[in-house]
Amino acid sequence: MAARSIASLTVSFGLVSIPVRLFSATEASRAISFNMLHKACGSRLKQQYICVKEEVIVPREDTVKGYEFAKDQYVIFAPEELKAMEEAGTHMAEITEFVPLASVDPVYFDKAYYLAPDKGGAKPYALLTSALRESGRCAIGRWAARGKQYIVMIRAVEGGLVMQQLMYAGEVRSIKEIDMERTEVKPVELKLAKQLIDAQSSETFDPSQYKDDVSARIEAAIAKKVEGQEITMSDAPQAGAQVIDLMEALRASLERKQPKKGAAAPKADDPRKPAKRAQAAQPVAATPRKKAKAS
């Protein structure tokens, strides 16, 4: 079934305007969710608000929104006050700058949307796509929707453009806030680690190789419940032997890698032997683990 557009907007940079249609790039609705039921009769439960002071149920029409500025102290905002603070939707994504694509850390990535040219936008859409792809840059701009203002990044992908909502700087923590031990890396350890990376490298990322085993187990369990079958719990997988020594762990990992047909298995260099001439490592496509079939 063809994807359905969720909105229309205009992407503008300079004096160029591109009418586009917006499509969700992800499907959160496909996530499995459970409802809260009454244990005694199995009926659906509904949410209620209870006043912690008077211990009475408060209907939704008698609720107001407040901000806690100190412990148990609130300032109340009326619906019209909250509405007045919302950003007015302009149906416009205005590009403010172009930056190298690699300069945007993926930690800032939020929700993604596909952009498709709307009526009369095919030519400028194709132009922007080609220009971004050949320059290795992405477009940064602002987009107002649903009462909020977003930073967005527009980047070229195979087949078109993706508009990525970005987090604001204040919404992303710095890794410098984390207290972690610093240690030195020995050259021989680095060499073995790079050999392991070469042996387990692929030319591109193929997301179809990865399956959600948890969702598959839940779907299978739901099907059994519907059919009236008893659910049996599988035993937890046994953990492999823990290798404490870093060098031994690297060597053991290299030895476990299966070579391609007709190719010799990569060997870990022994630091006690004279160094051989460096040879270009032949990338070996990562072999996905076999997934347990859901019954």
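Residues numbered from 1 in each chain as written. Predicted model: local features only at pLDDT ≥ 70, side-chain atom pairs only at ≥ 80, totals over all residues. Heavy atoms only, no water.

Enquirer: I would appreciate a short explanation of a nonpolar patch on the surface in the present structure.
Expert: A cluster of nonpolar residues, Tyr67, Phe69, Val75, Phe77 and Met85, forms a patch on the protein surface that exposes about 520 Å² of accessible area. Taken together, the elements giving at least two residues each to the nonpolar patch come down to β5 (65-70) and β6 (73-77). Along the chain, Phe77 falls in strand β6. The class for Phe77 is partly exposed, based on a relative accessible area of 30%. (Patch = residues over 30% accessible without salt bridge, like charges linked within 9 Å, V, L, I, M, F, W, Y side chains within 5 Å. Areas by Shrake-Rupley, 256 points an atom, 1.4 Å probe, with all protein chains shown as cover. Salt bridge = Lys/Arg side-chain N within 4 Å of Asp/Glu carboxyl O. Helix = DSSP H or I, 4+ residues; strand = E, 2+ residues; numbered from the N terminus. Buried < 20%, exposed > 50% of the residue type's maximum accessible area, 1.4 Å probe, protein only.)

Enquirer: Hey, could you run me through helix α2 (residues 122-135) in this one?
Expert: For an α-helix, 3.6 residues make a turn, and residues three or four places apart therefore share a direction. Its 14 residues give α2 an end-to-end C-alpha distance of 20 Å, which sits within 8% of 20 Å, the value for a rise of 1.5 Å per residue. Phi for Gly136, located one or two positions after α2, is positive at around 70°. (Expected span 1.5 Å × (residues − 1).)

Enquirer: I keep staring at the packing of helix α3 (residues 187-199) against helix α5 (residues 246-256) and nothing clicks. Help me out?
Expert: How two helices sit against one another is set out by the angle between their axes and by the gap between those axes. At their nearest, the axes of α3 and α5 sit 10 Å apart, and the two run at 25° to each other. Relative to α5, the element α3 is oriented roughly parallel. Read as a crossing pair, α3 and α5 show a hand that is left-handed. Between α3, through Val188, Glu189, Leu192, Ala193, Gln195, Leu196 and Ala199, and α5, the contact on the second element is made entirely by Leu246, Met247, Leu250, Arg251, Ser253 and Leu254. Classifying every residue of the contact of α3 with α5 gives 9 nonpolar, 2 polar and 2 charged. (Axes fitted to C-alpha atoms, helices over the stretch in contact; angles between N-to-C directions. Parallel < 35°, antiparallel > 145°, perpendicular 65-115°, else oblique. Left-handed = near helix turned anticlockwise from the far one by under 90°. Contact = heavy atoms within 4.5 Å. Nonpolar A, V, L, I, M, F, W, Y, C, P; charged D, E, K, R; others polar.)

Enquirer: Which parts of the structure should I look at to understand unusual backbone geometry?
Expert: Note on backbone geometry: most residues besides glycine have negative phi, and most peptide bonds are trans. Even without glycine at this site, Glu55 takes up a positive phi of about 55°. The residue Glu55 is located in the loop between β3 (49-50) and β4 (57-58) in this model. Relative accessible area serves as the criterion here: at 66%, Glu55 is assigned to the exposed category. Notably, Asp72 is not glycine yet its phi reads approximately 60°, a positive angle. When you line up the elements, Asp72 lands in the loop between β5 and β6. A relative accessible area of 56% places Asp72 in the exposed class.

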